[in-house]
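Chains, contacts and geometry: an overview
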Amino acid sequence: MIGLLDEARELSIFTAYNTNVDAIVYLNGEIVQRLIDEFGADAVKRRMEEYPREINEPLDFVARLVHALKTGKPMAVPLVNEELQAWFDSHFKYDVERMGGQAGIIANLLANLDFRKVIVYTPHLAKRQAEMFVNKPNLFYPVVEDGKLVLKHPREAYRENDPIKVNRIFEFRAGTTFKLGNETITVPYSGRFIVSARFESIRIYTEPELKPFLPEIGLGVDGAILSGYQGIRPRYSDGKDANYYFREAKKDIMLLKREKDVKVHLEFASIQNRELRKKVIYNLFPLVDSVGMDESEIAYVLNALGYSKLAERIFTYNRIEDTVMGGKILIDEMNLEVLQIHTIYYLMYITHADNPLSEEELRQSLELGTTLAAARASLGDIRSPEDFKVGLSVPYNERGEYVKLRFEEAKRRLRTREYKVVIIPTRLVSNPVSTVGLGDTISTGAFTSYLALLRRKGAL
Ligand SMILES: Nc1ncnc2c1ncn2[C@@H]1O[C@H](COP(=O)(O)OP(=O)(O)O)[C@@H](O)[C@H]1O
Ligand SMILES: O=P(O)(O)OC[C@H]1O[C@](O)(CO)[C@@H](O)[C@@H]1O
Ligand SMILES: [Mg+2]
């Protein structure tokens with residue numbers, strides 16, 4: 001597997017758009033209990049039933065947090081009321097501040113793994129944000145100077161007055177317990193709850209001066225990983241709306257592919273607003289080659305496509321058979337080249353039957369993804385290619401054999417001849433340093449090794 005990583009490291013990758021500061025709180029039972037007691041268990045329960053889709057006041061946050069803890073699911077809820085930032089900052093002491101956002105996390109990861117060239121673009125690059133990029137000579141930020149494209153290190157390209165975005169991340173661990181009224185809740189799985197800042201000043205787009213250079217960027221890389229669309233708001237006070245930003249996002253992908261059909265991976269993230277979720281799916285999925293998402297996200301996507309029963313089943317039971325069925329629907333309706341789903345116990349690829357890679361090769365690519373994530377979960381961060389080896393010593397999760405069995409059963413029951421479907425159990429770290437960004441890490445390992453395997457076959 002180290003050989004495959006070495007092949008992937010030969011690649012040059014472009015990634016955009018979202019970066020932010022992740023301010024992380026490690027939750028324990030007492031912190032959660034204090035929050036519930038402050039608002040009263042009855043009020044929290046009532047608000048949980050209402051299931052607020054955005055955070056407008058502190059109780060919305062407490063209700064969605066407790067809901068996430070109860071199910072153990074990775075969730076993200078937008079914070080739209082800027083004034084609440086003060087409430088968060090007075091209630092929590094942040095244990096760590098680190099690079100957040102798919103584009104930021106992926107850029108640092110690829111740069112630290114010594115990929116040939118990593119170009120990261122984010123429309124807002126304040127000094128504090130720029131300094132969160134690792135100091136590596138293979139990492140670049142595109143700027144336009146004298147009408148030409150110039151690649152600089154992000155730390156040399158920051159803009160003094162750019163806004164900074166802070167997301168609050170609540171890391172929770174399996175086994176944490178607290179009381180909600182008479183009910184004792186024990187968190188079933190470790191994960192993270194994200195309070196995503198969604199303020200006016202942060203836009204997901206390519207600045208007009210840079211846009212004409214996207215074909216040149218596309219020509220100079222072997223693949224692109226795009227994310228952050230979840231940050232687009234329905235509308236803005238200057239009259240722009242989501243449709244405007246999605247039209248621009250479509251143009252960006254087409255521009256990247258203009259000179260060369262560069263493979264594009266879209267890393268999906270949780271979108272509470274169903275209309276916005278549909279816009280990402282219908283506008284962008286048909287234009288990209290590869291999509292990655294977690295188990296909550298595939299449920300949300302299927303719900304938006306009208307498969308609400310299947311979505312509900314995946315969300316509640318996370319059964320392999322349902323995920324395979326959901327994956328088949330998605331790969332067909334959107335005609336993706338490859339769909340990758342990461343869950344706590346297994347990773348899955350679905351492609352069409354004519355995919356150039358064999359099932360064995362697809363499995364190897366997933367193996368690289370889970371090993372990379374296991375290394376990050378163990379160490380907190382991946383600082384060099386050497387760190388990858390740490391992942392190799394992390395055992396597969398205790399349900400590994402069961403996962404394989406259920407998958408074979410599912411394959412027999414469902415018609416899968418028109419597809420290649422592969423599943424591997426995850427390597428699961430029992431005491432992860434943190435979990436935020438592990439999905440991004442899996443997708444980065446999977447997509448780049450997928451590209452490396454295509455290249456090996458002369459198919460890239
Ligand atoms: N302790 C752990 N050790 C190894 N991998 C983990 C661990 N916890 C979670 N993962 C992996 O990380 C994935 C999380 O992905 P996701 O929910 O997309 O997170 P994020 O969006 O924060 O990157 C899980 O599906 C699982 O495969
Ligand atoms: O949706 P947003 O606000 O761009 O944030 C994405 C969040 O997802 C992550 O990138 C992890 O996948 C976090 O680092 C970040 O807080
Ligand atoms: Mg994710």
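Basis of the calculations
Residues numbered from 1 in each chain as written. Chains lettered and ligands numbered in written order. Predicted model: local features only at pLDDT ≥ 70, side-chain atom pairs only at ≥ 80, totals over all residues. Near = placed C-beta within 6 Å. Helix = DSSP H or I, 4+ residues; strand = E, 2+ residues; numbered from the N terminus. Domains from an automatic or database assignment. Buried ≥ 20, exposed ≤ 12 C-beta atoms within 10 Å, placed from the backbone. UniProt positions renumbered as here; feature names shortened; annotations may be inferred. Contact = placed C-beta atoms within 7 Å. Nonpolar A, V, L, I, M, F, W, Y, C, P; charged D, E, K, R; others polar. Pairing = 2+ DSSP bridges. Core = buried A, V, L, I, M, F, W, Y, C linked by C-beta atoms within 7 Å. Axes fitted to C-alpha atoms, helices over the stretch in contact; angles between N-to-C directions. Parallel < 35°, antiparallel > 145°, perpendicular 65-115°, else oblique. Left-handed = near helix turned anticlockwise from the far one by under 90°.

Some thoughts on the site of ligand 1
Inspection of the region around ligand 1 gives 21 residues, with Pro 74, Asp 294, Ala 377, Leu 438 and Gly 439 positioned closest. Elements supplying a minimum of two residues to the shell around ligand 1: α14 (359–379) and α17 (438–456). Counting residues per element, the shell around ligand 1 draws most heavily on α17, which supplies four residues. Of the domains in this structure, domain 1 (2–19 + 101–162 + 200–456) and domain 2 (23–98 + 163–197) are the two that each give at least three residues to the shell around ligand 1.

Overview of unusual backbone geometry
Between Ala 16 and Tyr 17 the backbone carries a cis peptide bond, its omega angle lying at 5°. Mapping Tyr 17 onto the fold places it in strand β1 (residues 12–17). A positive phi angle is found at Asn 318, which is not glycine, with a value near 50°. With respect to the element layout, Asn 318 can be found in the loop between α12 (308–317) and α13 (320–333). Given 19 C-beta atoms within a 10 Å radius, Asn 318 is considered partly exposed.

What to know about the UniProt feature "binding site: Mg(2+)" (unreviewed entry) in the chain
The positions that UniProt labels "binding site: Mg(2+)" (unreviewed entry) are, in the present scheme, Glu 267, Glu 297 and Asp 440. In summary, the annotated positions, though distributed over 174 residues, converge in three dimensions, the widest C-alpha pair being only 13.3 Å. Looking at the element boundaries, Glu 267 is found in strand β13 (residues 263–267). With sequence-adjacent residues up to four places away left out, Glu 267 is seen in contact with Gln 102, Ile 225, Ser 227, Gly 292, Asp 440 and Ser 443. With respect to the helices and strands, the residue Asp 440 is situated in helix α17. Residue classification places Asp 440 among the buried positions, given that 26 C-beta atoms sit within 10 Å. When near neighbours in sequence (up to four residues on either side) are disregarded, Asp 440 contacts Gln 102, Ile 105, Ile 106 and Glu 267.

Some thoughts on the domain arrangement of the chain
Assigned domains within the chain: domain 1 (2–19 + 101–162 + 200–456) and domain 2 (23–98 + 163–197). Look at where the C-alpha atoms of domain 1 and domain 2 centre, and you get two points 26 Å apart. Contact residues are listed per partner, giving 19 residues for domain 1 and 19 residues for domain 2. Taken together, the residues of the side of domain 1 that touches domain 2 break down into seven nonpolar, nine polar and three charged.

Quick look at the pairing of β1
Extensive coverage of β1 is indicated by the burial of five of its six residues. The pairing of β1 with strand β5 (residues 117–121) spans five bridges and is parallel. Pairing of Thr 15 across the sheet is with Val 120, part of β5. With five bridges connecting them, β1 and strand β12 (residues 223–227) associate as parallel partners. Paired with Tyr 17 across the two strands is Ser 227, which belongs to β12.

Focus: the nonpolar core
With 138 residues, the main nonpolar core has Ile 13, Val 62, Ala 107, Leu 110, Val 118, Ala 224 and Met 348 as its most contacted residues. The greatest single-element share of this core, amounting to nine residues, is contributed by α17. When residues of this core are sorted by domain, at least three fall in each of domain 1 (2–19 + 101–162 + 200–456) and domain 2 (23–98 + 163–197). Once you skip the residues sitting within four places of it in the chain, Met 348 turns out to touch Thr 323, Gly 327, Ile 341, Val 421, Val 422 and Ile 423.

Focus on the environment of Ile 341
Structurally, Ile 341 can be placed in strand β15 (residues 338–342). You can call Ile 341 buried: it has 25 C-beta atoms within 10 Å. In the structure, Ile 341 is positioned 17 residues away from Val 324 in sequence and 9.6 Å away in space, judged by C-alpha atoms. When residues no more than four places from it in sequence are discounted, the contact partners of Ile 341 are Met 293, Glu 295, Ile 298, Thr 323, Gly 327 and Met 348.

Quick word on the packing of helix α6 (residues 102–112) against α17
Between α6 and α17, the least distance of the axes is 10 Å, while the angle of their chain directions is 55°. One finds that α6 runs oblique with respect to α17. The interaxial crossing formed by α6 with α17 has right-handed handedness. Each of Gln 102, Ile 105, Ile 106, Leu 109 and Leu 110 in α6 lies in contact with α17, whose residues at this interface are Asp 440, Thr 441 and Thr 444. Per-class residue counts for the contact of α6 with α17 are four nonpolar, three polar and one charged.

What to know about helix α11 (residues 295–304)
Along α11, nine of the 10 residues are buried, which leaves the element largely enclosed by surrounding structure. Every buried residue belonging to α11 is among Glu 295, Ser 296, Glu 297, Ile 298, Ala 299, Tyr 300, Val 301, Leu 302 and Ala 304, and all of these are buried. Buried residues along α11 sit in contact with β3 (75–79), α10 (274–284), β14 (290–294), α12, α13 and β15. In the stretch just after α11, Gly 306 is the one whose phi turns positive, near 100°.

Digging into the site of ligand 2
By nearness alone, 18 residues border ligand 2, and Asn 18, Gly 100, Asn 167, Ser 196 and Gln 230 come closest of all. Here the residues of the shell around ligand 2 are counted per class, giving four nonpolar, 12 polar and two charged. The two domains that each donate at least three residues to the shell around ligand 2 are domain 1 (2–19 + 101–162 + 200–456) and domain 2 (23–98 + 163–197).

Some remarks on the sheet that holds strand β4 (residues 96–100)
Taken in spatial order, the five strands make up an open sheet running β3-β11-β8-β2-β4, and their pairing is mixed. The sheet is open, and its two borders are formed by β3 and β4, each paired with just one other strand. Across the sheet, the axes of successive neighbouring strands diverge by a mean angle of 25°, strand direction being ignored. Direction of pairing for strand β8 (residues 166–172) relative to strand β11 (residues 191–197): antiparallel, over a ladder of five bridges.

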